[in-house]
Amino acid sequence: MMAGGSWGEYLSLLDTLGEKLEELTGLERTKALAVGQSDLEGLEECMKREQVMSLSLRGLDQKREKLLAELGLTGVPLRELAAHAPDDVRAEVRAAVEKLRGKYELFQSASNVARNTLECNLHAIEKLQKAHEIQPEERSIRQSDFRA
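Remember, predicted model here, so these are calculated numbers, not experimental data.

So, how was this worked out
- Residues numbered from 1 in each chain as written.
- Predicted model: local features only at pLDDT ≥ 70, side-chain atom pairs only at ≥ 80, totals over all residues.
- Heavy atoms only, no water.
- Phe/Tyr/Trp six-rings, centres within 6.5 Å; stacked < 30°, edge-to-face > 60°.
- Helix = DSSP H or I, 4+ residues; strand = E, 2+ residues; numbered from the N terminus.
- Expected span 1.5 Å × (residues − 1).
- Buried < 20%, exposed > 50% of the residue type's maximum accessible area, 1.4 Å probe, protein only.
- Salt bridge = Lys/Arg side-chain N within 4 Å of Asp/Glu carboxyl O.

What follows deals with the packing of aromatic side chains. In this structure the tally under the stated criterion is 1 aromatic pair. Between tyrosine 104 and phenylalanine 107 the ring centres are 6.1 Å apart and the planes differ by 45 degrees, which places this aromatic pair in the tilted class. With tyrosine 104 and phenylalanine 107 both in helix H4 (residues 87-147) and 3 residues apart, the pair spans about one turn of that helix.

Laid out in structure tokens, this is it:
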């Protein structure tokens, strides 16, 4: 990276965020597969990894806020960051922002697939549970009829 000082640190942070988003995207895809295959252990492992990544992302977000404050850009949204960058790093900032936004869009897509797959399977599980709740009553009626 050519940018120096806080801008260089901020661009490095955006790269790190992009890497985390790629990890999360892969994790969401793995989660969707686990749900589709009724792999509860795999799903549980994905959820544990998500919790760990969530903590990591919180730390990165705190660092991001600190760097924005150092740059005098507290509250400036990511999409407007390049407009506030010095001329010598503006193109680099614009490219880094676009790269991160693209990775975020991929993550959102994978996350939606995983969520929809999970919701569909939860509905199927609920139906099975309701059917299972009815069966024991029917069994007890049948058993009492048989005994009579």
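The next thing to look at is helix H2 (residues 40-70). Every α-helix winds through 3.6 residues per turn, so residues three or four apart in the chain are directed the same way. Taking 1.5 Å as the rise per residue, H2 with 31 residues should run 45 Å; its terminal C-alpha atoms sit 45 Å apart, in good agreement. Inspection of H2 places Gly42, Leu43, Cys46, Glu50, Met53, Leu60, Leu67 and Leu68 among the buried residues, and these make up the whole buried set. Downstream of H2 by one or two residues, glycine 72 has phi in the positive range, about 75 degrees.

Position of leucine 27 among the secondary structure elements: in helix H1 (residues 5-36). With a relative accessible area of 1%, leucine 27 lands in the buried category. Along the sequence, leucine 27 and serine 111 sit 84 residues apart, while their C-alpha atoms lie 9.0 Å from each other.

A separate point is unusual backbone geometry. Its identity is not glycine, yet serine 38 carries a phi of approximately 55 degrees, on the positive side. As for its placement among the helices and strands, serine 38 is situated in the loop between H1 and H2.

Time to look at the pattern of salt bridges. In this structure the tally under the stated criterion is 10 salt bridges. A salt bridge links lysine 48 to glutamate 44; the shortest N-O distance between them is 3.6 Å. Taken together, the positions of lysine 48 and glutamate 44, both in helix H2 and 4 residues apart, correspond to about one turn of that helix. Owing to a relative accessible area of 46%, glutamate 44 belongs among the partly exposed residues under this scheme. When the shortest N-O distance is used, the salt bridge between aspartate 61 and arginine 64 registers 2.8 Å. Residue aspartate 61 and its partner arginine 64 are located together in helix H2, separated by 3 residues, close to a single helical turn. Owing to a relative accessible area of 22%, arginine 64 belongs among the partly exposed residues under this scheme.

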